[in-house]
Amino acid sequence: MGTQKLVRVKVLLDGKPLDTATAGKDVRFEKGESIFYVDRERLYDIVNLGSYADHTIELTPETGGLDVYTLTFG
């Protein structure tokens with residue numbers, strides 16, 4: 001992800017905020033929400049589940065200006 005300005009992003013896993021067991025290193029907890037801040041272009045550690053399963057991750061930026069890139073390894 002990248003941005004030209006600081007962007008606050010809310011994270012939900014299967015419709016619920018992350019908890020300390022599933023949150024990546026970049027996630028913070030504020031007022032009952034799991035969030036992280038994008039401040040420059042780099043890889044962000046958001047979710048750590050420890051195993052593979054079907055889940056839905058929702059990222060909701062508070063403002064515009066967020067660039068999201070995808071990578072595929074195979």
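Residues numbered from 1 in each chain as written. Predicted model: local features only at pLDDT ≥ 70, side-chain atom pairs only at ≥ 80, totals over all residues. Heavy atoms only, no water.

Attention now goes to a nonpolar patch on the surface. Where nonpolar side chains cluster on the molecular surface, the patch consists of Leu43, Leu71 and Phe73 and spans about 430 Å² of accessible area. Structurally, Leu43 can be placed in the loop between strand E5 (33-38) and strand E6 (57-61). (Patch = residues over 30% accessible without salt bridge, like charges linked within 9 Å, V, L, I, M, F, W, Y side chains within 5 Å. Areas by Shrake-Rupley, 256 points an atom, 1.4 Å probe, with all protein chains shown as cover. Salt bridge = Lys/Arg side-chain N within 4 Å of Asp/Glu carboxyl O. Helix = DSSP H or I, 4+ residues; strand = E, 2+ residues; numbered from the N terminus.)

This brings us to the pairing of E5. As defined by bridge partners, strand E2 (residues 7-13) adjoins E5 across four bridges and the pair is classed as antiparallel. The residue of E5 that forms the bridge with Val7 is Val38. Bridging between strand E4 (residues 28-30) and E5 involves three bridges; their strand directions are antiparallel. Its bridge partner being in E5, Arg28 is matched across the sheet by Ile35. The hairpin formed by E4 and E5 contains two residues between the paired strands, and Lys31 there has a positive phi angle of roughly 50°. (Pairing = 2+ DSSP bridges.)

All right, on to the layout of surface pockets then. It is a probe the size of a water molecule, rolled over the atoms, that shows where empty space is left. In this model, the largest pocket occupies a volume close to 410 Å³. Lining the largest pocket are Met1, Glu41, Arg42, Leu43, Tyr44, Ile46, Val47, Ile57, Leu59, Val68, Tyr69 and Leu71. Among the residues forming the lining of the largest pocket, the class breakdown is ten nonpolar, no polar and two charged. (1 Å grid on protein atoms, 1.4 Å probe; cavity = no way out; pocket = protein on both sides within 12 Å on 5 of 7 lines; lining within 4 Å. Points joined across faces, edges and corners; volume = space filled by probe spheres on them. Nonpolar A, V, L, I, M, F, W, Y, C, P; charged D, E, K, R; others polar.)

The next subject is the packing of aromatic side chains. Overall, the coordinates contain one aromatic pair when judged by the stated rule. Of note, Arg42 hangs over the ring of Tyr44, and the distance from its end group to the ring centre comes to 3.9 Å. (Phe/Tyr/Trp six-rings, centres within 6.5 Å; stacked < 30°, edge-to-face > 60°. Lys NZ or Arg CZ within 6 Å of the ring centre and 35° of its normal.)

Turning our eyes to something else, we now look at the confidence of the model for the protein. Taken residue by residue, the protein gives an average pLDDT of 92. The fraction at 70 or more is 99%. By mean pLDDT, strand E1 (residues 2-3) is the weakest element of the protein at 91, and strand E3 (residues 16-17) is the strongest at 98. (pLDDT = per-residue confidence, 0-100.)

A word on the pattern of salt bridges. Tallied over the entire structure, the rule returns six salt bridges. The partner of Glu62 in a salt bridge is Arg8, with the nearest N and O atoms 3.2 Å apart. Here Glu62 is found in the loop between E6 and strand E7 (66-67), whereas its partner Arg8 is found in strand E2, with 54 residues between them in sequence. Since its relative accessible area comes to 18%, Arg8 is described here as buried. As a salt-bridge pair, Asp39 and Arg40 come within 3.5 Å of each other at their nearest N and O atoms. (Buried < 20%, exposed > 50% of the residue type's maximum accessible area, 1.4 Å probe, protein only.)

Once that is clear, we can look at the nonpolar core. Met1, Val7, Val9, Val11, Leu13, Leu18, Ala23, Val27, Phe36, Val38, Tyr44 and Ile46 together form the largest nonpolar core, which totals twelve residues. If you tally residues by element for this core, the top one is E2, at four residues. With sequence-adjacent residues up to four places away left out, Val9 is seen in contact with Ser34, Ile35, Phe36, Val38, Leu59, Thr60, Pro61 and Leu66. (Core = buried A, V, L, I, M, F, W, Y, C linked by side-chain atoms within 4.5 Å. Contact = heavy atoms within 4.5 Å.)

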